Amino acid sequence: MPRSCVPCGWEPGDESRRGTVSNLDRHPTETLLDAGRHATEPERLTAREVPLGGPRAMLVRRTLPQRQRSMVGAWCFVDHYGPHDLTGRASASGMRVPPHPHLGLQTVSWLLDGEVLHRDSLGNQQLIQPGQLNLMTAGRGISHSEETPAVHSPGIHGVQLWVALPDTARWGAPAFHHHASLPAVEADGLRAIVIMGSFAGVTSPAHIASPLVGAELRLSSGHGVQLPVDSTFEHAVLAVSGTTTVEGVDAGVGELIYLGPGRSTIHVATETEPEAIVLLLGGVPFSEDLVMWWNFVGRTHDEIAQARSDWMDTDRFGSVRGYSGQPLPAPAMPTTRITPRRRR
Ligand code: MN
């Protein structure tokens, strides 16, 4: 039985504090990710609020992974935060995520407001702003920090998404790319930015390792739009601003509407003035079993346990220069061992 945690107040059995994989979570559980059932009807997934950590933690809305559904294509982690006001004293610290490792995934950082400063163990230091993409491919191992810069806008609003790397790519060299501008698609009532993959015939330059799509869509009030999508993909629409109706199902801020494969269009509409903003995420249902724990995506418990001990005891994940503060220590591994099961 794990003991209680003095710094954060967690007690054994306090499931409300056991977020799955928050970067700063002191007691993450090990999670098996699988592709789940293919729902024929739209499925509404509500968010859990998870503190990102620290004494004045920024709350994030987490819609993936969850018990009901752990992945959408290769997308395996969806955190939505803000809009938060950073002008008041109580919340002036904004985002502050100390150096921590990643394995077997890509991190996709996307903002609607504000700035985030990224530093990584490859020596990159990169500020991102709305409309820009910070894409970090962890491959066999990398570490990074993310923080609100000293000089910043009054607000912050954004998402952090993870993409699981397929077996063919997951031991590759770590890499980081900043995309300062991305291609857009305009149609009546719709303005889309193609973040990853292709949408409406327009392709993002960002590197992907399996067939997937990620796009920011701005929907004008009073318009209904049929989004053209790849029918071999499963999709999810995340409402990030305003209320959107997705295939007849209302999605409020932070909610994710899942749509199974076999559709060539997705109908979206909003009455929110002047516009609603959603993210379209999709991909071919992921065919490999994954084990996710803390900031690692692997295939077995032993791989994850090795990564944990390597972060604590070796320089496998490198080090981040310039962050004022200590790297994040890894939490203790859970006492129960998880075994991936075969996909249906
Ligand atoms: Mn991270």
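Fair warning: this is a prediction, and the values are worked out from it, not measured in the lab. (Residues numbered from 1 in each chain as written. Predicted model: local features only at pLDDT ≥ 70, side-chain atom pairs only at ≥ 80, totals over all residues. Heavy atoms only, no water.)

1. Focus on the sheet that holds strand β12 (residues 155–164)
Spatial strand order, β3-β4-β5-β12-β7-β10-β13: seven strands in an open sheet with antiparallel pairing. Each end of this open sheet is capped by a strand with a single partner; those strands are β3 (48–51) and β13 (175–179). Pairs of neighbouring strands in the sheet enclose a mean axial angle of 20 degrees, with direction left out of account. In the sheet, strand β10 (residues 133–137) pairs with β13 via five bridges, with the strands oriented antiparallel. Pairing of Asn134 across the sheet is with His178, part of β13. (Pairing = 2+ DSSP bridges. Helix = DSSP H or I, 4+ residues; strand = E, 2+ residues; numbered from the N terminus. Axes fitted to C-alpha atoms, helices over the stretch in contact; angles between N-to-C directions.)

2. Quick word on the coordination of the manganese ion
Listed as protein donors to the manganese ion are His100 (NE2), His102 (NE2) and His144 (NE2); their distances from the metal cover 2.1 Å. Each donor residue of the manganese ion lies on one chain, and together they are spaced H-x1-H-x41-H. Here His100, found in strand β6 (residues 96–102), pairs with His144, found in strand β11 (residues 142–147); they are 44 residues apart in sequence, far enough to count as distant. There is no split in this pair, since His100 and His144 are both buried. (Donors = N, O, S within 2.8 Å, 3.2 Å for Na, K, Ca; no water. Buried < 20%, exposed > 50% of the residue type's maximum accessible area, 1.4 Å probe, protein only.)

3. Topic: the side chain of His235
Locating His235 in the fold gives a position in strand β20 (residues 234–241). When residues no more than four places from it in sequence are discounted, the contact partners of His235 are Val72, Val213, Val229, Asp230, Ile257, Tyr258, Leu259, Ile266, Leu280, Leu281 and Gly282. (Contact = heavy atoms within 4.5 Å.)

4. Comments concerning the packing of aromatic side chains
Centre distance and the angle of the planes are the two values used to describe a pair of aromatic rings. One pass over the structure, following the stated rule, counts six aromatic pairs. For the pair Phe77 and Trp162, a centre-to-centre distance of 4.0 Å together with 15 degrees between the ring planes defines the contact as stacked. Placement of the pair is Phe77 in strand β5 (residues 75–85) and Trp162 in strand β12, with a sequence separation of 85 residues. On the basis of relative accessibility, which here comes to 2%, the residue Phe77 falls in the buried class. On the basis of relative accessible area, Trp162 is assigned to the buried category, the value being 0%. Taking 5.7 Å as the distance between ring centres and 25 degrees as the angle between the ring planes, the aromatic pair formed by Phe296 and Phe317 counts as stacked. Pair noted here: Phe296 is in strand β27 (residues 296–298) and Phe317 is in the segment after α1 (301–313), with a separation of 21 residues, a long-range link. Judged by its relative accessible area of 0%, Phe296 is buried. Through pairs of rings, three or more aromatic residues link up here, namely Trp293, Trp294, Phe296, Trp311 and Phe317. (Phe/Tyr/Trp six-rings, centres within 6.5 Å; stacked < 30°, edge-to-face > 60°.)

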